[in-house]
Amino acid sequence: SAVISQKPSRDICQRGTSLTIQCQVDSQVTMMFWYRQQPGQSLTLIATANQGSEATYESGFVIDKFPISRPNLTFSTLTVSNMSPEDSSIYLCSVEVSSRDTYGYTFGSGTRLTVV
Amino acid sequence: GENVEQHPSTLSVQEGDSAVIKCTYSDSASNYFPWYKQELGKRPQLIIDIRSNVGEKKDQRIAVTLNKTAKHFSLHITETQPEDSAVYFCAATLNSGYALNFGKGTSLLVTP
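Since the structure is predicted, the reported quantities are computational estimates derived from the model, not experimental observations.

### Considering the overall build of chain A
Right, on to step 1. Counting its secondary structure elements, chain A contains zero helices and 11 strands.
Right, on to step 2. Starting at the N terminus, the α and β elements of chain A follow one another as β-β-β-β-β-β-β-β-β-β-β.
Right, on to step 3. Against the 2.2 N^0.38 benchmark of 13 Å for 116 residues, chain A shows a C-alpha radius of gyration of 14 Å, consistent with a compact globule.
Right, on to step 4. Going through the 116 residues of chain A one by one, you find that 50% of them count as buried.
Right, on to step 5. Within chain A, contacts between residues separated by at least 24 positions form 52% of all contacts whose residues are at least 6 apart in sequence.
Right, on to step 6. When the accessible surface of chain A is totalled, it reaches about 5700 Å², and 46% of it is carbon and sulfur.
Right, on to step 7. For chain A, the distance from the average site of its 8 positive side-chain charges to the average site of its 9 negative ones is 7 Å.

### Topic: the interface of chain B and chain A
Right, on to step 1. At the junction of the two partners, chain B supplies 18 residues and chain A supplies 19 residues.
Right, on to step 2. Counting the surface lost from both chain B and chain A, the interface buries some 1500 Å², and carbon and sulfur atoms represent 55% of this.
Right, on to step 3. Our count for the contact surface shared by chain B and chain A stands at zero salt bridges.
Right, on to step 4. Summed over the shared surface of chain B and chain A, the number is seven residue pairs in polar contact (both at pLDDT 80 or more).
Right, on to step 5. Of the residues forming the side of chain B that touches chain A, the biggest block, three residues, is contributed by strand β4 (residues 32-38) of chain B.

### Things to note about the pairing of strand β5 (residues 43-50) of chain A
Residue and element names in this part refer to chain A.
Right, on to step 1. Counting buried residues in β5 gives six out of eight residues, a clear majority hidden from the surface.
Right, on to step 2. In this antiparallel pair of consecutive strands, strand β4 (residues 31-37) and β5, the connection spans five residues, and Gly40 shows a positive phi of 70 degrees.
Right, on to step 3. Sheet topology note: the β5/strand β6 (residues 56-57) ladder contains two bridges and is antiparallel. In the sheet register, Thr48 faces β6, and the bridge partner there is Thr56.
Right, on to step 4. A loop of five residues connects β5 with β6, the two strands running antiparallel in sequence, and Gly52 in this loop sits at a positive phi of about 85 degrees.

### Some thoughts on the pairing of strand β1 (residues 4-7) of chain B
Residue and element names in this part refer to chain B.
Right, on to step 1. With burial as the criterion, only one face of β1 is covered, namely that bearing Val4 and Gln6; the residues Glu5 and His7 on the opposite face remain uncovered.
Right, on to step 2. Across four bridges, the pairing between β1 and strand β3 (residues 19-25) is antiparallel. Paired with Gln6 across the bridge in β3 is Cys23.

### A closer look at the sheet that holds strand β7 (residues 68-72) of chain A
Residues and elements named next belong to chain A.
Right, on to step 1. On the basis of which strands lie adjacent, the open sheet formed by four strands has the order β1-β3-β8-β7 and antiparallel pairing. Single-partner strands in this sheet number two, and they are β1 (4-7) and β7. Ignoring strand direction, the axes of neighbouring strands in this sheet form an average angle of 15 degrees.
Right, on to step 2. When strand β3 (residues 19-25) meets strand β8 (residues 75-80), the two strands line up antiparallel, connected through six bridges. For Cys23, the partnering residue across the bridge sits in β8 and is Ser76.

### Considering the packing of aromatic side chains
Right, on to step 1. All chains considered together, the criterion is met by 16 aromatic pairs over all chains.
Right, on to step 2. Taking the centre distance of 5.6 Å and the plane angle of 85 degrees together, the rings of A:Tyr35 and B:Phe102 count as edge-to-face. Placement of the pair is A:Tyr35 in strand β4 and B:Phe102 in strand β10 (residues 101-102), with the two residues belonging to separate chains.
Right, on to step 3. Judged by its relative accessible area of 1%, A:Tyr35 is buried.
Right, on to step 4. In this structure B:Phe102 comes out as buried when scored by relative accessible area, which is 11%.
Right, on to step 5. Feature note: the residues A:Tyr35, A:Phe107, B:Tyr36, B:Phe89 and B:Phe102 constitute an aromatic cluster, connected by ring pairs.
Right, on to step 6. When the ring centre of A:Tyr103 is taken as origin, the NZ or CZ atom of B:Arg51, which lies over that ring, is 4.3 Å away.

### Re the sheet that holds strand β8 (residues 72-77) of chain B
Residue and element names in this part refer to chain B.
Right, on to step 1. The sheet built from five strands is open, its strands ordered β1-β3-β8-β7-β6 with antiparallel pairing. Only two strands of the sheet have a single partner each, and these edge strands are β1 and β6 (56-59). On average, each strand axis in the sheet is tilted by 15 degrees relative to the strand beside it, whichever way the strands run.

What counts, and at which threshold
Residues numbered from 1 in each chain as written. Chains lettered and ligands numbered in written order. Predicted model: local features only at pLDDT ≥ 70, side-chain atom pairs only at ≥ 80, totals over all residues. Heavy atoms only, no water. Helix = DSSP H or I, 4+ residues; strand = E, 2+ residues; numbered from the N terminus. Rg over C-alpha atoms; globule rule 2.2 N^0.38 Å. Buried < 20%, exposed > 50% of the residue type's maximum accessible area, 1.4 Å probe, protein only. Contact = heavy atoms within 4.5 Å. Areas by Shrake-Rupley, 256 points an atom, 1.4 Å probe, with all protein chains shown as cover. Lys, Arg positive; Asp, Glu negative; His and termini not counted. Charge placed at Lys NZ, Arg CZ, Asp CG, Glu CD. Buried area = accessible area lost by both parts, 1.4 Å probe. Salt bridge = Lys/Arg side-chain N within 4 Å of Asp/Glu carboxyl O. Polar contact = N/O pair within 3.5 Å; in protein donor to acceptor, adjacent residues only side chain to side chain. Pairing = 2+ DSSP bridges. Axes fitted to C-alpha atoms, helices over the stretch in contact; angles between N-to-C directions. Phe/Tyr/Trp six-rings, centres within 6.5 Å; stacked < 30°, edge-to-face > 60°. Lys NZ or Arg CZ within 6 Å of the ring centre and 35° of its normal.

Rendered as structure tokens:
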């Protein structure tokens, strides 16, 4: 299955600043998904990123706050803009993997963001 | 959109006992139902999944059952071990290309 390298693994940021999270996949994938996991909570989908087009955002998430880039089929970035303490969460990228032998969704290792 | 409900939110069992976690989904078009285990500070890891054309799937101590008519699916862990302690998430999705929709999670504690 695909291997995702996500970075940074963690960061502590000042409010009002921005952080860009990167995900690199070791194979080409059509869709990349970005999730937020608040402390002790489940995974909430932020947006779906398709190469060559604008990301599709879920209700409650907007492009100005969470701009996403998808320049090619192996890479994506999520930026958390103008951060506030409420943005403190774990952010994860995910891809769907489909081959002759395997199918599933795999996740990056996550970025633990603390906003102070 | 798809809504996935998961119960219970916490579950405590003695080592060797069985654990069952249940999920319901709202969209009858959903056709893929994975279960993830997430240990503290780690990413979710797929432990078992089932497609809508199958009623049951088993992998050693872990099994998943699916009732399409009732729109619910369950995770069964037999002969639980302390290392099974983690948070378990169910999820559902439509066809390929769609994101997973997750339940709220079940914190499983297996006591020796």
